[in-house]
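# Fold and geometry: a report
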Amino acid sequence: MDTSAYLKAVVEQTSTFADWVHGRDAAALVPTCPEWTLADLVDHVGGTQRMVAMLVGEQMTDPSRAYAGYVPGPTDSGQWRAWLSDGAAEARQAFASVSDDTPVWDPSGGAAGVPFWSRRLFGEACIHRADAAAALGMRYELAPELAVAAIEDWLDTMTSRGYWENRPGFADAMRGGGQTLHFHATDAPGEWVARREPDMVALERTHTKADVAVRGPAVDLLLVISRRRPLEAAPTLELQGDRALLDHWIEHMDWVTG
């Protein structure tokens, strides 16, 4: 997917999210984000999209002004649909005003800039729509190709140098001696091998044997590795190898709230 395709998907995913949450109980708890209410979830989705739109649209190489300009969501859930839709539209317009090589700050440590943020907003929209589904009892569906792209975003971001350096607790937990985890989508092209090393988690897109392997439909794989669904609730997934290694990995994939 390219930048425009990511932003098109952001608008579509956000539209569905907005329809689901509009007019609902703002105090409803979000079980997949235990510290959040539905209002917190809406605030995060819409506020993040506006913040990234500011970063990208104004071509910022320092994020401090974008952070300071964070716009909280309305307290009235009857205003949520319009507010969320407007935020997604702002983001799409901001990305349309730049090129992929426009210098823009990003936290990855790889100076990926515009492409990083387009994919990151897409991943956010997919994952947080799953949060809304869990909170509201809605059925969550995502096309396999989109689920693969969201897995790519999740794994690439979580194994980035920037995440390692800025989350010392995560880095300490993930240090290893070469232990490998293989994630394999079976309904769309997508395979990843994560290798825990002393100073990083190396991510490869390959098919190879690993200490533990999980394979199955991309959407179920996405929900399990992002902690939105326990492995026991995803019978379509096949597990081979060291279950404890997978449990340790998922336990520390706590990039949810905070």
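Residues numbered from 1 in each chain as written. Predicted model: local features only at pLDDT ≥ 70, side-chain atom pairs only at ≥ 80, totals over all residues. Heavy atoms only, no water.

Let us now look at the overall build of the protein chain. When you go through the protein chain residue by residue, the secondary structure sums to 10 helices and 5 strands. Against the globule reference of 18 Å for 258 residues, the protein chain gives a C-alpha radius of gyration of 18 Å, in line with a compact fold. Going through the 258 residues of the protein chain one by one, you find that 52% of them count as buried. Residue pairs at least 24 apart in sequence account for 68% of intrachain contacts in the protein chain once pairs closer than 6 positions are excluded. (Helix = DSSP H or I, 4+ residues; strand = E, 2+ residues; numbered from the N terminus. Rg over C-alpha atoms; globule rule 2.2 N^0.38 Å. Buried < 20%, exposed > 50% of the residue type's maximum accessible area, 1.4 Å probe, protein only. Contact = heavy atoms within 4.5 Å.)

What follows covers the environment of Glu124. Examined against the element boundaries, Glu124 turns out to sit in helix 5 (residues 113–136). Accessibility expressed as a relative area gives 16% for Glu124, which makes it buried. Sequence-wise, Glu124 and Met1 are 123 residues apart; in three dimensions their C-alpha atoms are separated by 15 Å. In contact with Glu124, not counting residues within four places along its chain, are His44 and Thr48.

The sites that UniProt annotates as "domain: MDMPI C-terminal" (unreviewed entry) are residues 145–247. Helix makes up 39% of residues 145–247 and strand 27%, with an end-to-end C-alpha separation of 26 Å. (UniProt positions renumbered as here; feature names shortened; annotations may be inferred.)

Further remarks concern the pairing of strand 3 (residues 200–204). Two strands pair when backbone bridges link them, and strand 2 (residues 191–197) and strand 3 are joined in this way by 5 bridges, in the antiparallel orientation. For Val193, the partnering residue across the bridge sits in strand 3 and is Glu204. Here strand 2 folds back onto strand 3 in antiparallel fashion, the turn holding 2 residues. (Pairing = 2+ DSSP bridges.)

Here Thr157 is to be found in helix 6 (residues 144–158). Here the side chain of Thr157 touches Asp153 through a polar contact of 2.7 Å, landing on its backbone oxygen. (Polar contact = N/O pair within 3.5 Å; in protein donor to acceptor, adjacent residues only side chain to side chain.)

Turning next to the domain arrangement of the protein chain. Interfaces are frequently sized by the accessible area removed from exposure as the parts join. Here the domain parsing of the protein chain yields domain 1 (3–141) and domain 2 (146–252). Summarising the inter-unit geometry, the C-alpha centres of domain 1 and domain 2 are found 24 Å apart. Contact with domain 1, which involves 18 residues of that partner, is made by 17 residues of domain 2. Seen at the junction of domain 1 and domain 2, the total is 5 residue pairs in polar contact (both at pLDDT 80 or more). Breaking the side of domain 1 that touches domain 2 down by element, the ones donating at least two residues are helix 1 (3–21) and helix 5. By residue number, the principal contributor to the side of domain 1 that touches domain 2 is helix 5, which donates 10 residues. For the side of domain 1 that touches domain 2, the residue count by class is 9 nonpolar, 6 polar and 3 charged. (Domains from an automatic or database assignment. Nonpolar A, V, L, I, M, F, W, Y, C, P; charged D, E, K, R; others polar.)

This part takes up the pairing of strand 2. Of all 7 residues making up strand 2, 5 are buried, and the element is well covered by its neighbours. Summarising the sheet, strand 1 (residues 179–185) and strand 2 pair through 6 bridges and their orientation is antiparallel. When the bridges of strand 2 are listed, Gln179 appears paired with Arg196. The turn linking strand 1 back onto strand 2 is made up of 5 residues.

Across all of its chains, the model carries 0 disulfides by this definition. Between Cys33, a free cysteine, and Cys126, which holds the nearest cysteine sulfur, the sulfur-to-sulfur gap is 15 Å. You can call Cys126 buried: its relative accessible area is 0%. (Disulfide = S-S within 2.5 Å.)

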